[in-house]
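Each chain, written out:
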Amino acid sequence: ALWCLMMSVTPTRGCLLDLPWEDILVPHILCHLPLQQLLSLQRVSKSFQSLIQLYLANMRCFDSSQIGPAIPRAAFVNLLKDNEVLQQLALQNCSDWLTDRELLPVIGQNHHLHQIQLKGCAQLSRHALVAISLSCPNLRQLSLAHCEWVDSLSLRSLADHCKVLEAVDLTACRQLKDEAICYLVQKCSRLKSLSLAVNANVGDVAVEETAKCCPELEHLDLTGCLRVKNDSIRVLAEYCPKLRSLKVKHCHNVAESSLSILRSRGVELDVEPPLQRALVLLQDVVGFAPFINLQI
């Protein structure tokens, strides 16, 4: 596709740039090219450079993985400096270069964002989350996995201003305790997906409040939440009829007595029932699968 576009500027062919830029080229042609190729097109001519700048200013989705994690911070700032219509922003694992200084201007001028991915962006601060909460009232999906700078005050700001949130990933946000999670779910009752994985501070109080406040909940990740026990899983089963998946691996205080309720409803669990686990272990030890009727 890139070769075809470059060939279009040769004298023997009709010029691609003669087509209407905003009506044809930007929404119907350039949107199908990878961002890396679009950036290469800027070097073809000054006209192409102007066209790509127009595209970048009207881009609805920016995903840094299309360029690579080593994108220079100056290049990132230049790419989005004129854009005020972003709807999706994915900057996962940009910890080597992304700080508040680069992110806050982008957030501040894009009030239509409904999906933000900041997984592993370790150099940001709580100010980034406050800026998101103040600038993005229509935010629906937010990933803050492995962002240990997220604290209870910044999460409260998110809950106060982004009340249509449907999916939040707080994996390994280790500053957060039950109180902060309770405040979030009380304000954001439309949540369908929530990850609290790898957080030793999260326990039954947060899980029970999530169950009672979020009846639309479909996916919950509690992997490694050591303080979660059977009681909260039973509450989850009672209050969340739409639950489709639950992750409780390494939750050593959660037993089959509570999981069986969800298992009988067809909820996808990441731990096998005790008999199945025993059979797998036996197979590993003796080298064959015993002929046992699992229906018994």
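Residue positions within a chain follow its written sequence, with the count starting from 1. Local features are withheld for residues below a pLDDT of 70 in this predicted model, meaning they are given only at 70 or higher, and side-chain atom pairs are given and counted only at 80 or more; totals for whole chains, interfaces and linings count all residues. Side-chain calculation: all heavy atoms of the structure are included, whereas hydrogens and water are not.

Draft legend 1. Representation of the nonpolar core in the model. Definition of nonpolar core: a set of buried residues of the types Ala, Val, Leu, Ile, Met, Phe, Trp, Tyr and Cys, connected through side-chain atoms within 4.5 Å. Between buried and exposed lies partly exposed: a residue is buried under 20% and exposed over 50% of the maximum accessible area for its type, with that area taken using a 1.4 Å probe on protein chains only. Within the largest apolar cluster, 86 residues are counted, with the highest numbers of intra-cluster contacts made by Leu-222 and Leu-246. Note on definitions: a residue-residue contact is assigned when non-hydrogen atoms from the two residues lie within 4.5 Å. In this structure, Leu-246 is in contact with Leu-220, Leu-222, Ile-233, Leu-236, Leu-259, Leu-262, Val-267, Glu-268, Leu-269 and Asp-270, ignoring residues within four places of it in sequence.

Draft legend 2. Here's a closer look at the packing of aromatic side chains. The aromatic pairing rule takes the rings of Phe, Tyr and Trp, using the six-membered ring of Trp, and pairs them if the centres are within 6.5 Å, calling planes under 30 degrees apart stacked, those over 60 edge-to-face and the rest tilted. Under the definition given, this model contains two aromatic pairs. Members of the aromatic cluster, connected to one another through ring pairs, are Phe-62, Phe-76 and Trp-97. Any Lys NZ or Arg CZ found within 6 Å of a ring centre and within 35 degrees of that ring's normal is scored as a charge over the ring. A cation over an aromatic ring shows up here: Arg-156 above the ring of Tyr-183, its NZ or CZ 3.7 Å from the ring centre.

Draft legend 3. The arrangement of the side chain of Ser-133 in detail. Counting through the fold element by element, Ser-133 comes out in helix α7 (residues 126-135). Any pair of nitrogen or oxygen atoms within 3.5 Å is treated as a polar contact; in protein, a donor-acceptor pairing is required on top of that, and neighbouring residues in sequence qualify only through side-chain atoms on both sides. Within the structure, the side chain of Ser-133 is placed 2.6 Å from the side chain of Ser-157, a separation counted as a polar contact. If we skip the residues at most four places from it in the chain, Ser-133 touches Ser-157, Leu-158, His-161 and Cys-162. Each helix is a run of H or I in the DSSP string that is no shorter than four residues. Each strand is a run of E no shorter than two, and both are numbered from the N terminus.

Draft legend 4. Local environment of the confidence of the model for the protein chain. Per residue, pLDDT measures the predictor's confidence, with a range of 0 to 100. In the predicted model, the protein chain carries a mean pLDDT of 86, and the fraction of residues at 70 or more is 81%. Here residues 291-296 is modelled with pLDDT under 50, and outside its nearest four sequence neighbours on either side it reaches four contacts, counting other chains as well.

Draft legend 5. Quick peek at the environment of Leu-113. Relative to the elements of secondary structure, Leu-113 occurs in the loop between α6 (100-108) and β3 (115-117). On the basis of relative accessible area, Leu-113 is assigned to the buried category, the value being 0%. Along the primary structure Leu-113 and Gln-87 are separated by 26 residues, whereas in three dimensions their C-alpha atoms are 4.0 Å apart. In this view, Leu-113 contacts Leu-86, Gln-87, Gln-88, Leu-89, Ile-107, Cys-136, Asn-138 and Leu-139; residues no more than four positions away in its chain are not counted.

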